[in-house]
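Inside the fold
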Amino acid sequence: MIFSLEEMNLLADKLEKEKANILNQDLQEQTTNDIHHLEIISYLQERLADQEADLYEEEKQYIASLIQDEVEHIHGNGKDVYQSILDKVQ
């Protein structure tokens, strides 16, 4: 799946923010689900770096859920890149 440079930057930034949110939690609050999300994020970062790799359906769904969460918080005209990513993964 081929993403534009702007889309790749946005995805990389979003994945890093997700990772930071999980890592910033108190260690006692982290669950096995959080650890699983960290593994998914790391794996996706590697997969997205390979422009020729096709994403699996589960990976597309995970990206779509991350992007949809972000889109809900954006007001105004800044949704174009997010929508472009959603169109590619859905």
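The coordinates are above.
Summarised in this report is the structure supplied together with it. Keep in mind the model is a prediction, meaning the values are calculated, not measured.

Scanning the model with the defined rule gives five salt bridges in all. The salt bridge partner of lysine 17 is aspartate 13, with a shortest N-O separation of 3.4 Å. One end of the pair is lysine 17 and the other is aspartate 13, both in helix α1 (residues 5–23) and four residues apart, which spans about a single turn. The salt bridge partner of glutamate 59 is arginine 47, with a shortest N-O separation of 3.1 Å. One end of the pair, glutamate 59, is in helix α3 (residues 57–71); the other, arginine 47, is in helix α2 (residues 32–49), and twelve residues separate them in sequence. A relative accessible area of 7% places glutamate 59 in the buried class. Linked through salt bridges whose partners overlap, the residues forming this network are Lys14, Glu18 and Glu70.

Here the focus is the side chain of lysine 14. Its location among the elements puts lysine 14 in helix α1. According to the relative accessible area criterion, lysine 14 is buried, its value standing at 11%. Setting aside residues up to four positions removed in sequence, lysine 14 forms contacts with Leu66 and Glu70.

The subject of this paragraph is the nonpolar core. Note that soluble globular proteins tend to have their nonpolar side chains buried in a common cluster. Ranked by internal contacts, the top residues of the largest apolar core, which has 23 residues, are Phe3, Leu11, Leu15, Leu48, Ile63, Ile67 and Ile85. When residues in this core are grouped by element, the largest group, six residues, is from α3. For leucine 15, the residues in contact, after removing those within four places along its chain, are Ile41, Leu44, Gln45, Leu48, Tyr62 and Leu66.

Now for α1. With 19 residues, α1 should reach 27 Å at 1.5 Å per residue; the first-to-last C-alpha distance of 27 Å fits that figure. Here α1 has its buried residues at Glu7, Met8, Leu10, Leu11, Lys14, Leu15, Glu18, Lys19 and Ile22. Taken down its axis, α1 places every buried residue within 165° of arc, on the same side. Among the exposed residues of α1, those pointing more than 90 degrees away from its buried face are Leu5 and Glu6. Looking at the buried side of α1, the elements it contacts are α2, α3 and α4 (80–89).

Rules and cut-offs
Residues numbered from 1 in each chain as written. Predicted model: local features only at pLDDT ≥ 70, side-chain atom pairs only at ≥ 80, totals over all residues. Heavy atoms only, no water. Salt bridge = Lys/Arg side-chain N within 4 Å of Asp/Glu carboxyl O. Helix = DSSP H or I, 4+ residues; strand = E, 2+ residues; numbered from the N terminus. Buried < 20%, exposed > 50% of the residue type's maximum accessible area, 1.4 Å probe, protein only. Contact = heavy atoms within 4.5 Å. Core = buried A, V, L, I, M, F, W, Y, C linked by side-chain atoms within 4.5 Å. Expected span 1.5 Å × (residues − 1). Arc of directions from axis to C-beta.

Any link to function would need more than the numbers given here.
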